[in-house]
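Breakdown of the fold
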Amino acid sequence: MSQATSSRFWLIRPFGERATQVFLGVLLAALVIVTVLHVAVPQGSPLHVNAYTVNLFGKYLSYALLAVAVDLVWGYLGILSLGHGAFFAIGGYAMGMYLMRQIGDRGTYGHPVLPDFMVFLNWESLPWYWQGFDMAWFAFAMVLLAPGLLALVFGFLAFRSRVTGVYLSIITQALTFALMLAFFRNEMGFGGNNGLTDFREILGFNLRSSDTRLGLFLASGVALALGYLLCRAVVTSKLGRVCVATRDAEARTRFIGYRVERFQLFVFVVSAMLAGVAGALYVPQVGIINPSEFSPLFSIEIVLWVALGGRATLYGAVIGAILVNYAKTVFTGVMPDAWLFALGGLFVLVTVLLPKGVAGLLHTRRRASMSDKTPHKEATA
């Protein structure tokens, strides 16, 4: 097969990679096992997975997709974004606006159009930017377009000005902090400090139903698989090689004729849209979206997930997101005040002992085991 022909199939190239095959196999096995243990095993059995746990696993998977999005720009493009929580939150708000419109006259105040918080604040009509969110297709389109458009505008201005390194990280952090302050204001029309909550249904399905929660869990798993495949297709293509060259030597990449800012902008927008999808899957599973999701601390925590799992691997980001959030669930349940100390200790541990993360540790052990087998084979021969 010629190079021109093979380039047409860049989307299916990741299926030939062993790491992708293992990742998809493990993810599929996890989805099937949780589904079987939830549906087929009786509730009284110790093996039964209840609806709360299914919901928790779904939240972990949405976080994993967010981590993959961050790893795409940090691991392969060298952009340490401290503002991806903003794209996650915007996607979540787009989904939350749709879910609020689905309540209709079943709200506390019984208004057929205005959400309860707007009635409480004496709003007389629905703002123009809420129009259309009663339609699922429009809301789902906004889940992609709203964070994508923000990333496009921000990235165009930043990359065109050649802002890089720590300065770009600070600007991304300032972006999410500014959005957090804006969304805290009641005048913005997004629920202020309380955010959007009290959701009832999605696409006609009751959100409090265990079957709906299972469906959202499976949807999160499918979205993670598709997001992972898309990112692997990008990083294994010519575009991905240019991104890695930009990460390692941006000036040299510019010198040989590449318009680096265009590659940076494209990958940054794709990453933002994936983060928006993660936020949209997260909201119906936790039942609320508020300005705290814009917190710079949350964006920094996302970077820690990727660092722990191992950046520039994608599957390492998934491992890190699940491990850290599981630890957070345990710590906040047993010792709520100790979580921030544990998070700080984890950051030090990763920096000192695991600079390449869990994925790097696994790769090193795999290479060591292969090198141990090679002399044995030569001696046998």
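Conventions adopted
- Residues numbered from 1 in each chain as written.
- Predicted model: local features only at pLDDT ≥ 70, side-chain atom pairs only at ≥ 80, totals over all residues.
- Heavy atoms only, no water.
- UniProt positions renumbered as here; feature names shortened; annotations may be inferred.
- Helix = DSSP H or I, 4+ residues; strand = E, 2+ residues; numbered from the N terminus.
- Buried < 20%, exposed > 50% of the residue type's maximum accessible area, 1.4 Å probe, protein only.
- Arc of directions from axis to C-beta.
- Contact = heavy atoms within 4.5 Å.
- Expected span 1.5 Å × (residues − 1).

Details of the UniProt feature "transmembrane region" (unreviewed entry) in the protein
Residues annotated by UniProt as "transmembrane region" (unreviewed entry) correspond here to residues 21-40, 60-93, 136-159, 166-184, 214-231, 263-282, 302-326 and 338-362. End-to-end, the C-alpha atoms of residues 302-326 are 14 Å apart, and along that stretch the chain is 80% helix and 0% strand.

Examining unusual backbone geometry
For residues besides glycine, phi is generally negative; the peptide bonds are generally trans as well. The residue Arg162 is not glycine, and still its phi comes out positive at about 60°. Residue placement: Arg162 occurs in the loop between α6 (136-160) and α7 (165-183). A positive phi angle is found at Ala312, which is not glycine, with a value near 65°. With respect to the element layout, Ala312 can be found in the loop between α12 (296-309) and α13 (315-334).

What to know about helix α9 (residues 238-248)
Residues separated by three or four positions in an α-helix point in the same direction, a consequence of the helix having 3.6 residues per turn. The complete set of buried residues in α9 reads Leu239, Gly240, Val242, Cys243 and Thr246. Projection of α9 onto a plane perpendicular to its axis shows the buried side chains occupying an angular sector of 160°, all on one side. Exposed and facing more than 90 degrees away from the buried side of α9 are Lys238 and Asp248. In this structure, the buried residues of α9 make contact with α8 (210-235), α10 (250-255) and α11 (260-286).

Let's talk about α12
The end-to-end C-alpha separation of α12 is 20 Å, in line with the 20 Å expected for 14 residues at 1.5 Å each. Counting buried positions along α12 yields twelve of 14 residues, so the element is predominantly enclosed. For α12, every residue scored as buried is listed here: Pro296, Phe298, Ser299, Glu301, Ile302, Val303, Leu304, Trp305, Val306, Ala307, Leu308 and Gly309. Positive backbone phi, at 115°, marks Gly310, one or two positions downstream of α12.

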